[in-house]
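# Summary of structural features
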Amino acid sequence: MNAEASPSRSISTHLRGALGAGRNAWRLTARLALHIALPTLCVSCREPVDGEGVCAACWAKLSFIAQPFCPKLGIPFVYDPGPEMLSMEAIANPPAYARARAAVRYDDVARTLVHALKYQDRTDLAPAMGRWMARAGRELLEEADVLVPVPLHWRRGWSRRYNQSGALARIIERQSGVKLSTEALKRVRPTQQQIGLSRPQRASNVQGAFKVATERQSEIQGRRVVLIDDVLTSGATLDACARALLRAKVASVDALVFARVVDTHKAPI
Ligand SMILES: [Zn+2]
């Protein structure tokens, strides 16, 4: 990002000028207030943007995941170990889902986007995030029959008003033509937030939390499912969802997320 364009720099320059001249302070305050009230600021750097909620400079700072990566978990490799080589994690700790793909690494910029979508009602971010997911998951989507977003418990859905995974899944449905099923998979009990929990705690927190509604089983039975979520950390939530879907006799489950934590030991959330 251009240092001259950073909001703190431009605000402090404005302030110095105003104090030095000893006038126009009110007009400056009004202008700053107007600036802050503008509807679309880049969610990451707070510069005004046209249209979608992230400026080009901040998009460029995201770490998009590209080959080479583990064909099972989508974890990027530092060097190319050759075709079909799996990551250590895929061998040591295989999940219930067959494959996972992520658009970006979960770093500071990705975290800002995910939190803004999740907690600040920045639904304007979903189209761009969903398009990048559709691109990262092309291989999975070409073989898929149905998209299933990770559900919220209804109590949390009420307080947050909408499900961010559902918002991303709707964009991916539009991009890929794969049909969306928002009602088949339910969160049957509320779970604690996964933030701050260890890997085994995360797994037990979500164990038995998801279930396929009996009357909806025919929508997904025998189908190839792609689960949609915003972030993959330990994979415990997606694993619990995949188990519930497999119990309901889907043909296969893959997982597609916006961002994944690449080193869970060094980058906890
Ligand atoms: Zn920006």
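Look a little higher up for the structure.
I will try to describe carefully the structure that is included in this document. (Residues numbered from 1 in each chain as written. Predicted model: local features only at pLDDT ≥ 70, side-chain atom pairs only at ≥ 80, totals over all residues. Heavy atoms only, no water.)

Within the protein, C42 (SG), C45 (SG), C55 (SG) and C58 (SG) serve as the donor atoms for the zinc ion, at 2.3 Å. The coordination sphere of the zinc ion comprises four donor atoms, whose angles at the metal cover 105 to 117 degrees; the geometry is tetrahedral. On the primary sequence, the residues serving as donors to the zinc ion are separated as C-x2-C-x9-C-x2-C. Residue C42 is found in the loop between α2 (25–37) and α3 (56–61), and its partner C55 is found in the loop between α2 and α3; the two are separated by 13 residues along the sequence. Residue C42 shares its accessibility class with C55, and that shared class is buried. (Donors = N, O, S within 2.8 Å, 3.2 Å for Na, K, Ca; no water. Tetrahedral: all angles 85-135°; square planar, octahedral: opposite > 155°, others 65-115°. Helix = DSSP H or I, 4+ residues; strand = E, 2+ residues; numbered from the N terminus. Buried < 20%, exposed > 50% of the residue type's maximum accessible area, 1.4 Å probe, protein only.)

A separate point is the sheet that holds strand β2 (residues 146–149). Strands pair in a sheet through their backbones, by hydrogen bonds, and they do so in one of two ways: parallel or antiparallel. Taken in spatial order, the five strands line up as β1-β7-β6-β2-β3 in an open sheet, and their pairing is parallel. A single partner strand is all that each edge strand has here, and the edge strands are β1 (100–105) and β3 (179–180). When β2 meets β3, the two strands line up parallel, connected through two bridges. Note on β3: the bridge partner recorded for V146 is K179. Running over the sheet, helix α9 (residues 164–176) touches β2, β3, β6 (224–232) and β7 (252–260) and is turned about 130 degrees from β6. (Pairing = 2+ DSSP bridges. Contact = heavy atoms within 4.5 Å. Axes fitted to C-alpha atoms, helices over the stretch in contact; angles between N-to-C directions.)

Moving on, we come to the pattern of salt bridges. The full count for this structure, using the stated rule, is 12 salt bridges. Notably, a salt bridge pairs R99 with E143, separated by 3.0 Å at the nearest N-O pair. In this pair, R99 sits in the loop between α4 (88–92) and β1 while E143 sits in the loop between α7 (138–142) and β2, placing the two residues 44 residues apart along the sequence. With a relative accessible area of 18%, R99 lands in the buried category. Among the salt bridges present, the one from R216 reaches E219, with a minimum N-O distance of 2.7 Å. In this structure E219 comes out as partly exposed when scored by relative accessible area, which is 28%. Taken together, the shared-partner salt bridges in this structure form one network comprising R99, R101, E139, E143 and D254. (Salt bridge = Lys/Arg side-chain N within 4 Å of Asp/Glu carboxyl O.)

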